[in-house]
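An overview of the molecular structure
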Amino acid sequence: MSDLRLQHLDKIYDNKVQAVYDFNLDVRNGELIVLVGPSGCGKSTTLRMVAGLEDISAGNLIIDGKDVTKMPPKDRDIAMVFQNYALYGHMTIYENMAFSLMLRKENKNEIHQKVMAAAEILDLTTQLNKKPNQLSGGQRQRVAMGRAIVRTPKVFLFDEPLSNLDAKLRSATRREILLLHKRLKATMLYVTHDQTEALTLADRIVCMSMGHVQQVGTPLELYDTPANLFVATFIGLPPMNMFDVEIKNGQAVCDAFAVDLSADDKQMLARYEGRTVVLGVRPENVVEGGKIVVNVFSNENLGQTTLVNGVVGNHKVTCKFRDWCNYKPGDNVSVSFNKMHFFDKETTDAIRM
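In this report, the structure presented in the accompanying data block is examined. (Residues numbered from 1 in each chain as written. Predicted model: local features only at pLDDT ≥ 70, side-chain atom pairs only at ≥ 80, totals over all residues. Heavy atoms only, no water.)

Some remarks on the sheet that holds strand β10 (residues 212-217)
If you trace the 6 strands from one edge of the open sheet to the other, you get β6-β7-β8-β3-β9-β10, paired in mixed fashion. Two strands close off the open sheet at either side, each with one partner strand: β6 (78-81) and β10. The mean inter-strand angle of the sheet, taken between neighbouring strand axes irrespective of direction, is 20 degrees. With 4 bridges connecting them, strand β3 (residues 32-36) and strand β9 (residues 204-209) associate as parallel partners. When the sheet's bridge partners are listed, Ile33 is paired in β9 with Arg204. (Pairing = 2+ DSSP bridges. Helix = DSSP H or I, 4+ residues; strand = E, 2+ residues; numbered from the N terminus. Axes fitted to C-alpha atoms, helices over the stretch in contact; angles between N-to-C directions.)

Remarks on the sheet that holds strand β4 (residues 58-63)
Reading across the sheet, the 4 strands line up as β2-β1-β4-β5 and stay open at both edges, with antiparallel pairing between neighbours. The sheet terminates laterally at β2 (18-27) and β5 (66-67), the two strands that pair on one side only. As judged from the 2 bridges shared by β4 and β5, these two strands associate in the antiparallel manner. Of the residues in β5, the one forming a bridge with Ile62 is Asp67. On top of the sheet, helix α1 (residues 43-51) reaches β1 (4-12), β2 and β4; it is set at about 115 degrees to β1, its chief contact. (Contact = heavy atoms within 4.5 Å.)

Observations regarding α1
A large share of α1 lies buried, amounting to 7 of its 9 residues. Of the residues making up α1, those classed as buried are Lys43, Thr45, Thr46, Leu47, Met49, Val50 and Ala51. Directly after α1, the chain includes Gly52, whose backbone phi takes a positive value near 90 degrees. (Buried < 20%, exposed > 50% of the residue type's maximum accessible area, 1.4 Å probe, protein only.)

Some remarks on the environment of Ala256
Turning to its location among the elements, Ala256 is positioned in the loop between β12 (251-253) and β13 (258-260). Not counting chain neighbours up to four residues away, the residues in contact with Ala256 comprise Val312, Gly313 and His315.

A short note on the environment of His212
With respect to the secondary-structure elements, His212 resides in strand β10. In the structure, His212 is positioned 171 residues away from Cys41 in sequence and 7.6 Å away in space, judged by C-alpha atoms. If we ignore the near neighbours within four places in the chain, the residues touching His212 are Tyr21, Cys41 and Cys207.

What about the nonpolar core?
Of all hydrophobic cores here, the largest spans 43 residues; its most connected members are Met97 and Tyr190. At 5 residues, helix α4 (residues 137-149) tops the list of elements feeding residues into this core. In contact with Tyr190, not counting residues within four places along its chain, are Leu32, Ile33, Val34, Leu35, Phe158, Pro161, Leu162, Ile177, Glu197 and Leu201. (Core = buried A, V, L, I, M, F, W, Y, C linked by side-chain atoms within 4.5 Å.)

With respect to the packing of aromatic side chains
Using the criterion set out here, one finds 7 aromatic pairs in the structure. Residues Phe230 and Phe234 carry aromatic rings whose centres are separated by 5.5 Å and whose planes lie at 10 degrees to one another, so their mutual orientation is stacked. Pair noted here: Phe230 and Phe234 are both in helix α8 (residues 229-234), with a separation of 4 residues, about one helical turn. Owing to a relative accessible area of 23%, Phe230 belongs among the partly exposed residues under this scheme. Aromatic pair Phe243 and Phe257: ring centres 5.2 Å apart, planes at 90 degrees, arrangement edge-to-face. (Phe/Tyr/Trp six-rings, centres within 6.5 Å; stacked < 30°, edge-to-face > 60°.)

See below:
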């Protein structure tokens, strides 16, 4: 497998609409990178530029030390797995997996060995004589992955491969992709709008919005130390609670509550004294017991946890409690915040020391 470098990539269409701005990323050999963001953020366009399915308007694409910016897709030694499987309905599963090797005119014995090895990895050995319409969605997606594996490409590309599967199949296939990555030690670039996929699969995540990279980091880095308000609200489910607060005399104050700042937070926020910032609190960091009163409007039991939705003054808030709770609409719950994030209201960037 190989490393992959995306250097200052831009994508500008003929109608002058720019879809990707100055995209920079170094993917290490064997790394699984997930591009995540809402629809229209430029993540699939970036993947298609890597695949050669979209022209690169500016910048360079380097695969295994070789500039492939102007190369056609067939010469880039990449394999792509699409969300709609892109299987040939008239061919058997074996023929689908072998097709690209047959086009290369590889030796029949070598083709057979590669197909059987991929089929064993993906638990498809009993399905090889069937047609795609005889398989489940999850099995068809495994066939699409098998077709990529047999080519032993330098880079694997995945374009929202789980979006057509139901929740149970998505979870199972996600595990299979993770195991496949570990087994093949493959360099992979994976696109999704689903943050659960991003958090569970990625070695590192690239979070995008409106064509711009917002943050690159490990799943824990994006979750625990979001770079800005967009990342803070996009990563994490339920999303982070947000409050406009004034920094005043060692407290963060809004119309409904005032919370004391830690010594570190006081130092970090000293330059914001008397100014309004955005306070962010993840639902699991809202804990029972404290001076802040949440007026409940719904209680969602999820087994070992409960989502309690309510309002604090005029602010909606979601609490994620570890225990099974039975709060009713109209109940008041006293809470406190055990971890807080702060963001500059004008720039939306996270406030750091």
